[in-house]
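As a plain string of letters, each chain reads:
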Amino acid sequence: MLYVDGAWKLFDEMPEKILFSWIGVISSYARTRRAKDALDLFKDNAECWWNSWNHFHCKIDENIIKETADALVSTGLANLGYQYVNIDDCWAESNRDSKGNLVARKSTFPSGIKALADYVHGKGLKLGIYADSGRRTCSGTMPGSLGREDQDAQTFASWGIDYLKYDNCFNDDIRPTLRYPVMSRALNKTGRPIFFSICEWGDMRPALWAGNYGHSWRTTNDISDSWGSMLHTADMNEVYADYAKPGSWNDPDMLEVGNGGMKFSEYVVHFSIWAISKAPLLLGCDIRTATNETMTIISNSEVIAVNQDPLGKQAKKVRMEGLREIWAGPLSGNRVVILFVNQSPWATNMTAHWDDIGIPLNTVVQARDLWKHETLEMQFKDKLTAMVGIHACAMFVLTPVS
């Protein structure tokens, strides 16, 4: 029964026009509800992953994926939250099969993606895959999913895929605001929880709309393994800080830590900015051969905890003095995280003032240095000053004590 014109009526008593109108409303609500439920599935999930592209590009195969899963477990990174092993571009044959399905490349993934997913799941991890919202993927070696969204989503679900990175190449100049919702709905219809990573490079400011369709969205162009590129990417991402929240994240692209293009202190800055920005911590190095220095950075549980803090508030720059930046953001438990970033070619003292970082004046705090793993003996009131080295940072969590 439905309430129409001041009275409850049976469906068969209702005028046809009104009946179909109500059916449309109910159907629309159901679709919206299913989509929201799918998005909420990842509301509290930590975003720590590994992705093949930054280090391997197209030179990937199933053994690399298996060995990376093994390494995530054996190094203890899996226990720190790195739960996803993501295959990027170049995993499929150039053409679909006779039924129009995507097919794993026989020369590099001879066992197929389903068998690989089973292996990764057997390690207690999850498997991610890559597709494109255009006619071809960005490498040009694989078919895109444009016009095949439902079929490809069902294929991914049948293989046991847990994450989809969805790129933006060869898109026939169709707006991303039209293309990405199609795959979002297709994934929802599979009934399988699949994290949807929207990779449209910040083209149409996805932070403003993509939260209705995906769980993260690229806010920037591709990062490269250099100090300048990393800082520029961080700046582009910071613009959209207010749009990040649990289950909906700004993505400034994958981490370059461990790939060799920056110094140790610069990689520490890189990892710290991504963590404080609540960005997806997508490792992009070869975990199997990671150096002790790389492991020191990517396994810092205190910095990872900032990234995964349940409050989910992205930090912002609160002061920019030439080549010196102060970032700050709220954490759960009335705490605040601050990050001093020194881009200059000389060491310098940097000071964070309470009225800049959101702490009431006269508040006394305890400071925890997240890279030295020590709580400072001195307590601080109204400000905190630290010496920061060349192309380096200092990161503290401040906890009120009075």
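Looking at an unreviewed UniProt entry, one finds the protein named Alpha-galactosidase, with Macleaya cordata as its source organism. Check the Sequence similarities (unreviewed entry) section of the UniProt entry for the protein; it says "Belongs to the glycosyl hydrolase 27 family." Quoted straight from UniProt, the Catalytic activity (unreviewed entry) entry for the protein says "Hydrolysis of terminal, non-reducing alpha-D-galactose residues in alpha-D-galactosides, including galactose oligosaccharides, galactomannans and galactolipids."

### A closer look at the overall build of the protein
Helix and strand content of the protein: 11 helices and 19 strands. Per-residue burial for the protein yields a buried fraction of 52% across its 402 residues. In the protein, the proportion of contacts linking residues at least 24 apart, taken out of those at least 6 apart, comes to 69%.

### Concerning the pairing of strand β6 (residues 163-167)
Counting buried positions over the 5 residues of β6 gives 5, a clear majority of the element. Burial along β6 is two-sided: the face carrying Y163, K165 and D167 and the face carrying L164 and Y166 are both buried. Both strand β5 (residues 126-132) and β6 contribute to a ladder of 5 bridges, which runs parallel. Its bridge partner lying in β6, D132 is registered against D167. Note that β6 and strand β7 (residues 195-198) share 4 bridges and pair parallel. Paired with Y163 across the two strands is F195, which belongs to β7. In this fold, β6 hands off to helix α6 (residues 176-190), which returns the chain to β7; that crossover is right-handed.

### What about the nonpolar core?
Ranked by size, the top nonpolar core spans 86 residues in total, and within it Y82, W91, I113, L164, F271, I273 and I298 carry the most contacts. The element best represented in this core is helix α8 (residues 264-276), accounting for 8 residues. Built from parts of two domains, this core gets at least three residues from each of domain 2 (44-308) and domain 3 (316-400). With residues near it in sequence (within four places) discarded, L164 still touches I129, Y130, A131, F156, M183, L187, I194, F195, F196 and S197. Listed in part, the 20 residues of the second largest apolar core include A328, M350, A394 and F396.

### As for the packing of aromatic side chains
Scanning the entire structure with this criterion turns up 13 aromatic pairs. For the pair F156 and W159, a centre-to-centre distance of 6.2 Å together with 55° between the ring planes defines the contact as tilted. With F156 and W159 both in helix α5 (residues 149-159) and 3 residues apart, this pair spans about one turn of that helix. Of the two residues, F156 and W159, neither departs from the other in class, the shared state being buried. Counting every residue linked through ring pairs, the aromatic cluster contains W49, Y84, Y163 and F195. The positively charged end of K66 is found above the aromatic ring belonging to Y119, 5.2 Å away from the centroid.

### Focus on unusual backbone geometry
The residue F170 is not glycine, and still its phi comes out positive at about 45°. At D173, a residue that is not glycine, the phi angle is positive and equals roughly 60°. Tracing the chain through its elements places D173 in the loop between β6 and α6. In this structure D173 comes out as exposed when scored by relative accessible area, which is 73%.

### Details of the pattern of salt bridges
Here the structure, examined in full by the defined rule, presents 19 salt bridges. A salt bridge links D118 to K114; the shortest N-O distance between them is 2.9 Å. Here D118 pairs with K114, and both are found in helix α4 (residues 113-122), just 4 residues apart, close to one helical turn. Residues joined by salt bridges that share partners form a network here, namely R319, E321, R324 and D356.

### Looking at helix α7 (residues 227-238)
Here α7 is 12 residues long and its end C-alpha atoms lie 17 Å apart, about the 16 Å a rise of 1.5 Å per residue gives. Turning to α7, its buried residues number three or more, namely W227, S229, M230, L231, T233, A234, N237 and E238. Looking at the buried side of α7, the elements it contacts are β9 (249-251), α8, β11 (316-321), β12 (324-331) and β13 (335-342).

### Observations regarding the packing of α5 against α6
With their axes 8 Å apart at the nearest point, α5 and α6 run at an angle of 45° to one another. One element, α5, and the other, α6, form an angle in the oblique class. The handedness of the crossing between α5 and α6 comes out as right-handed. Along the contact surface, α5 presents E149, D150, D152, A153, Q154 and A157, while α6 presents V182, M183, A186, L187, K189 and T190. Looking at the contact of α5 with α6, its residues break down into 6 nonpolar, 2 polar and 4 charged.

The rules behind the values
- Numbers given for residues are sequential positions, taken from 1 along each chain in its written order.
- The predicted origin of the model limits local features to residues at a pLDDT of at least 70 and limits the giving and counting of side-chain atom pairs to 80 or more, whereas totals for whole chains, interfaces and linings rest on all residues.
- Heavy atoms throughout the structure, all of them, feed into the side-chain values; hydrogens and water do not.
- UniProt positions are given in the numbering used here, feature names are shortened, and annotations may be inferred rather than shown by experiment.
- A run of H or I in DSSP counts as a helix once it spans at least four residues, and a run of E counts as a strand once it spans at least two, with each numbered from the N terminus.
- Using a 1.4 Å probe on the protein chains alone, a residue whose accessible area is under 20% of its type maximum counts as buried, one over 50% counts as exposed, and one in between counts as partly exposed.
- Whether two residues touch is decided by their heavy atoms; if any such pair falls within 4.5 Å, the residues are in contact.
- Strand pairing follows a simple DSSP-based rule, namely that at least 2 bridges must link the two strands.
- Note on handedness: a crossover is taken as right-handed if, strands pointing away from the viewer, the path from the first strand over the helix to the second is clockwise.
- To form a nonpolar core, buried Ala, Val, Leu, Ile, Met, Phe, Trp, Tyr and Cys residues must be joined to one another through side-chain atoms within 4.5 Å.
- How far each domain reaches was decided by an automatic or database domain assignment.
- The pairing test for Phe, Tyr and Trp rings, Trp by its six-membered ring, is centres within 6.5 Å, and the orientation test on the planes gives stacked under 30 degrees, edge-to-face over 60, and tilted for anything in between.
- In this analysis the charged atom, NZ for Lys or CZ for Arg, is taken to sit over a ring once it is within 6 Å of the ring centre and within 35 degrees of the ring normal.
- In what follows, salt bridge is the name for a side-chain nitrogen of Lys or Arg lying within 4 Å of a carboxyl oxygen of Asp or Glu.
- Given a helix with a known number of residues, its expected span is that number minus one, times 1.5 Å.
- Axis definition: a line fitted to C-alpha atoms, limited for helices to the stretch in contact. Angles are taken between N-to-C directions and run from 0 to 180 degrees.
- Geometric relationships in this document are graded by angle, where less than 35 degrees denotes roughly parallel, more than 145 denotes roughly antiparallel, 65 to 115 denotes roughly perpendicular, and other angles denote oblique.
- Less than a right angle of anticlockwise turn of the near helix away from the far helix marks a crossing as left-handed, whereas a clockwise turn marks it as right-handed.
- For this classification, the nonpolar set comprises Ala, Val, Leu, Ile, Met, Phe, Trp, Tyr, Cys and Pro, the charged set comprises Asp, Glu, Lys and Arg, and every other residue, Gly included, is treated as polar.

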